[in-house]
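# Geometric and topological summary
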Amino acid sequence: MIKQLLALIISATFVTAALAYDLNVGGLCYNYTDDGKSVYVTSETGGYPAYTSLSGAVKIPFGIVCSGVLRNVIGIDQQAFYGCTNITSVVIPQTVVSIGYSAFNGCTGLQSLTIMEETLTTIQMNAFLGCSALKSVTLPNSVTYIGDEAFRNCSALATLLLGNSLQTIGSSAFLDCTSLKQVVIPNSATSLGGSAFYNCTGLTSATIGNSLQEIESSTFQNCNSLSTVNFGNSATTIAYAAFRDCIRLNDIKLPESLNTIGQNAFYGCEGLRSLTIPNSVYTIGSEAFRNCSALTTLSLGNSVQTIGSSAFWGCTSLKQVVIPNSVTSLGGSAFYNCSDLTSATIGNSVREIDNSTFFNCNNLTTVNFGNSVTSIAYAAFRYCIRLNNVILPESLNTIGQNAFDGCTDMRSVTIPASVYTIDIEAFRNCVGLTDIKSYPDPTMVKLGADVFFSVPRRSCTIHVLPQYLSAYKAADQWKEFFFITDDLTVGTPGDLNDDGNVNAGDVSEQYSAILRGDSDPAFD
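Since we're looking at a predicted model, the values are computed, not measured.

Now for the overall build of the protein. In terms of regular secondary structure, the protein is built from three helices and 39 strands. Relative to its full complement of 524 residues, the protein shows a buried share of 49%. For the protein, the proportion of contacts with a sequence separation of at least 24, taken over those separated by at least 6, is 33%. Taken as a whole, the protein presents about 21,900 Å² of accessible surface, with 48% of it coming from carbon and sulfur.

In structure tokens, the structure reads:
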């Protein structure tokens with residue numbers, strides 16, 4: 001009985017092998033299409049390698065004669081030539097419309113690919129993956145689809161010509177094509193997959209067609225020879241890490257259609273020198289331009305609403321920044337360690353200067369605050385050692401922990417009456433302070449521990465309003481200063497009714513002025 005079962009299993013194995021293909025003509029194997037009218041090239045073995053002895057030049061015929069009938073060859077089956085390492089050239093006839101999944105995967109000896117005329121429409125996933133000797137690919141205008149990883153690891157591929165009907169380039173389609181010099185994505189293309197040209201380290205130029213709306217994640221990441229990108233006029237999104245570590249990318253012109261610059265989009269583009277964000281852009285993602293160390297000039301468009309955390313971290317050559325009034329969110333560490341930055345202007349819609357926004361900007365001397373800032377958060381200006389005369393905005397409520405810690409060249413600071421919290425070590429190690437102009441009632445201000453740690457108490461003068469002199473001399477931390485003078489005038493910032501305080505009376509005064517048709521007293 002056991003011998004009979006073994007005989008059946010062996011017999012089934014031979015039947016399966018026999019069914020791997022329908023025909024073998026001229027050393028190539030074929031299967032019939034479902035209707036029996038055409039054929040497609042298939043594998044001899046059904047495994048790896050697909051053929052046991054195929055080598056040299058392979059010319060696929062446009063048709064074969066079966067039982068006296070000519071049947072066109074219309075496709076190349078999945079894994080048809082998988083692992084045929086001795087193939088050196090392939091000619092694909094004009095009748096073939098589709099190259100299947102992994103059809104030539106691992107054909108490491110393949111150097112030449114010729115596609116006859118314009119019938120081929122589809123190149124499926126992994127079709128030529130790992131064809132490391134393939135030097136040139138010219139796709140006919142009939143091709144509309146290139147699948148994921150179709151030409152991945154074709155490391156010798158230097159020349160690529162894409163036809164003008166191409167619609168889709170799959171993810172990682174040309175990943176690690178390290179010899180590729182340039183690419184022109186036609187205007188017909190509407191989808192360019194993530195990592196499509198990732199690590200194409202020889203790529204110097206890329207032109208993106210006018211129909212692409214999104215440059216997806218990591219599309220050109222680590223293309224470290226890429227110096228020129230010509231964007232199409234439809235791109236709305238540059239996604240996560242799209243151009244990350246393109247270290248030779250220098251001056252680029254972003255399209256006027258662009259809305260979103262994603263996280264890490266240009267991270268590490270250390271050759272980028274000048275950047276204009278068009279007025280169409282709303283969002284700059286976290287770390288979008290982090291470590292663009294050569295970036296000297298930055299112009300932000302007037303529609304930007306969000307600048308993400310660490311967006312310009314480590315842009316060590318940046319000289320000045322003007323944050324437009326459209327910006328409502330300025331992320332933490334946005335300009336961290338921009339060591340050449342000398343001037344920053346903060347727009348009128350920013351309410352919070354987040355944690356470490358300008359941390360270690362050690363050449364920053366001037367900050368112009370907008371009129372909506374209510375909070376300067378933790379370490380926002382820490383170690384801005386050359387920051388000198390600081391006038392805080394009249395909208396400000398909170399000065400956060402270590403906000404100005406280590407601003408050693410700061411000579412004077414003006415604290416408006418609106419402030420009610422100064423947190424721990426806010427002015428720690430501001431050893432150059434000679435004058436603090438403080439308008440609030442000190443009994444209404446909550447001080448954290450060691451707000452003025454290492455500020456010279458014997459030489460720094462506290463300037464206050466006359467009505468608060470005695471309160472400052474009695475208040476914790478303030479009273480430690482030797483010189484407290486009442487030489488501030490009643491023209492307190494925000495004090496519209498000249499009573500020396502900022503309170504509900506000032507709101508009434510502004511409302512009355514509006515009813516009278518007077519100019520806004522807040523800006524007189």
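On to the side chain of Gln477. Along the polypeptide, Gln477 turns up in the loop between α2 (469-474) and β39 (483-485). By relative accessible area, Gln477 is classed as buried at 16%. At a separation of 2.8 Å, a polar atom in the side chain of Gln477 contacts the main-chain carbonyl oxygen of Gly448. When residues no more than four places from it in sequence are discounted, the contact partners of Gln477 are Leu447, Gly448, Ala449, Asp450, Val451 and Phe452.

Judged by nonpolar contacts, the single largest core of 154 residues is most densely connected at Phe81, Phe243 and Phe404. Elements that contribute at least two residues to this core include exactly β2 (28-32), β3 (39-42), β5 (63-66), β6 (69-76), β7 (87-92), β9 (112-115), β34 (412-415) and α2. For Phe404, the residues in contact, after removing those within four places along its chain, are Ile376, Phe381, Leu387, Val390, Leu392, Ile399, Met410, Ala426, Phe427, Arg428 and Cys430.

It is worth spelling out the packing of aromatic side chains at this point. Evaluation of the coordinates by the stated rule reveals 26 aromatic pairs. On the numbers, 5.3 Å between centres and 85° between planes, the contact of Phe452 with Phe481 is edge-to-face. Here the residue Phe452 occupies a position in the loop between β37 (446-447) and β38 (461-463), and Phe481 occupies one in the loop between α2 and β39, the gap between them amounting to 29 residues. Relative accessible area serves as the criterion here: at 1%, Phe452 is assigned to the buried category. Exposure remark for Phe481: the relative accessible area of 4% places this residue in the buried category. Here the basic side chain of Arg244 rests over the ring of Tyr267, its NZ or CZ set 3.9 Å away from the ring centre.

For Ile346, the position within the fold is in the loop between β28 (343-345) and β29 (352-353). By relative accessible area, which is 3% here, Ile346 ends up buried. Measuring from C-alpha to C-alpha, the distance between Ile346 and Asn371 comes to 8.9 Å, with 25 residues separating the pair along the chain.

With that settled, the discussion passes to the environment of Gly285. Within the element layout of this structure, Gly285 appears in the loop between β23 (283-284) and β24 (297-299). Setting aside residues no more than four positions away along its own chain, Gly285 makes contact with Ile261, Gly262, Gln263, Gly308 and Ala311.

Taken in spatial order, the three strands of this open sheet run β26-β28-β30, and their pairing is parallel. Only two strands of the sheet have a single partner each, and these edge strands are β26 (320-322) and β30 (366-368). This sheet shows a mean twist of 5° between the axes of neighbouring strands, independent of strand direction. Looking at chain direction, β28 and β30 are connected through three bridges and run parallel. Paired with Thr345 across the strands is Asn368, a residue of β30.

Parameters and conventions
Residues numbered from 1 in each chain as written. Predicted model: local features only at pLDDT ≥ 70, side-chain atom pairs only at ≥ 80, totals over all residues. Heavy atoms only, no water. Helix = DSSP H or I, 4+ residues; strand = E, 2+ residues; numbered from the N terminus. Buried < 20%, exposed > 50% of the residue type's maximum accessible area, 1.4 Å probe, protein only. Contact = heavy atoms within 4.5 Å. Areas by Shrake-Rupley, 256 points an atom, 1.4 Å probe, with all protein chains shown as cover. Polar contact = N/O pair within 3.5 Å; in protein donor to acceptor, adjacent residues only side chain to side chain. Core = buried A, V, L, I, M, F, W, Y, C linked by side-chain atoms within 4.5 Å. Phe/Tyr/Trp six-rings, centres within 6.5 Å; stacked < 30°, edge-to-face > 60°. Lys NZ or Arg CZ within 6 Å of the ring centre and 35° of its normal. Pairing = 2+ DSSP bridges. Axes fitted to C-alpha atoms, helices over the stretch in contact; angles between N-to-C directions.

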